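These are the residues of each chain, in order.
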Amino acid sequence: VLFLFFTPLRTTVLAIGIDRVPEGSNAGRSDTMILATMPPFLPQMSLFSIPRDLWVTIPGVGENRINTAHYFAELYQPGSGLEAAADVVETNFGIDVPYVIRIKFDGIVNIVDAMGGVTINVEEATPMFEAGVQTMDGTTALAFVRDRSGSDDFSRQKHGQIFIASGIKNMLNPAKWARIPFVATAVMEAIDTNNPFYAWPRIIYGLAFSAVFGFEAQTLDRNWVTPWVTDQGAQVLLPNWDLINPAVQEIFR
């Protein structure tokens, strides 16, 4: 049993959030992409957010925004989106991504409402949110996760990390434990994953441990990318791999 919690292998999970999609389809862009990883033996979890506008090479597609890999895969070969999302990260960042969790943004509303709301410390004010501790219902929490009214998409990436940490920490409060069955049901209805059953104990333990003792949360530095406009007029971010790769390897080595 202890092996499941303290495996000598690194555990890495890609969490992606997709927006509304046609009924019966998963063909949506992965507008949130967060890599969660734990080193061998230790439960400390690092969160690393990937900008959705990062201009990369998508296997089988060509150059495009990184968030379109999932969309194209589900559009042309339904059911292959999880694999494609992992593949584009592995190809461009040079790291192993065995597990993927996909959540539809609408599912966040149901999860937070099942929790009875979530208390979040908004670190920096935006036009939509004041700074400070706030208790949000599902609709407000989703707006917080999707908020792009700050300075740029980098603040939106931090909101996703803050939401994950706050949600887990809220559920560690004994006052919330009676809601666990309802939250578990909402989570299972909202997510798709290729995680095998034996990976879950370590992931859940790592989330709980890190919610208490702190996640190592990181995003790409603004200086590691260059804003660029494509021939079609799309505003994207060109990666400087000479700066990105050493930082990524430091986290995922």
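Structural data are supplied above this passage.
Residues numbered from 1 in each chain as written. Predicted model: local features only at pLDDT ≥ 70, side-chain atom pairs only at ≥ 80, totals over all residues. Heavy atoms only, no water.

> Go over the sheet that holds strand β10 (residues 216-219) with me, naming the residues and quoting the values.
Spatially, six strands are ordered β9-β6-β1-β2-β3-β10 in an open sheet, and the strand pairing comes out mixed. At either end of the open sheet lies a strand with only one pairing partner, and these are β9 (191-193) and β10. In this sheet, neighbouring strand axes are inclined to one another by 20 degrees on average, regardless of whether the strands run parallel or antiparallel. The sheet contact formed by strand β1 (residues 11-18) and strand β2 (residues 30-38) spans eight bridges and is antiparallel. Across the sheet, the residue bridging to isoleucine 18 is serine 30, located in β2. This element, helix α4 (residues 105-115), spans β1, β2 and β6 (99-104) of the sheet and lies at about 80 degrees to β6. Docked against the sheet, helix α6 (residues 153-171) engages β2, β3 (46-49) and β10, running at close to 160 degrees with respect to β10. (Pairing = 2+ DSSP bridges. Helix = DSSP H or I, 4+ residues; strand = E, 2+ residues; numbered from the N terminus. Axes fitted to C-alpha atoms, helices over the stretch in contact; angles between N-to-C directions. Contact = heavy atoms within 4.5 Å.)

> Can you tell me about the pattern of salt bridges, naming the residues and giving the values?
Oppositely charged side chains can pair when the atoms bearing their charge come close. On inspection of all chains with the given rule, the structure shows six salt bridges. One salt bridge in this structure joins aspartate 31 and arginine 52, with 3.2 Å as the shortest N-O distance. A residue pair is termed long-range when its members are at least 10 positions apart, and aspartate 31 in strand β2 and arginine 52 in the loop between β3 and β4 (55-58) qualify at 21 residues. Of the two residues, aspartate 31 and arginine 52, neither departs from the other in class, the shared state being buried. The closest approach of N and O atoms between arginine 102 and glutamate 74, which form a salt bridge, is 3.1 Å. Of this pair, arginine 102 sits in strand β6 while glutamate 74 sits in helix α2 (residues 68-76), and the two are 28 residues apart along the sequence. (Salt bridge = Lys/Arg side-chain N within 4 Å of Asp/Glu carboxyl O. Buried < 20%, exposed > 50% of the residue type's maximum accessible area, 1.4 Å probe, protein only.)

> Can you explain helix α8 (residues 200-213)? Please cite residues and give values.
Its 14 residues place the ends of α8 20 Å apart at the C-alpha level, agreeing with the 20 Å of an ideal helix rising 1.5 Å per residue. Taken residue by residue, α8 has Arg202, Ile203, Gly206, Ser210 and Ala211 as its buried positions. Angularly, the buried residues of α8 cover 160 degrees about the axis, an arc narrow enough to put them on a single face. Positioned one or two residues after α8, glycine 214 has a phi angle of 105 degrees, which is positive. (Expected span 1.5 Å × (residues − 1). Arc of directions from axis to C-beta.)

Remember, this is a structural readout, not a statement about activity or role.
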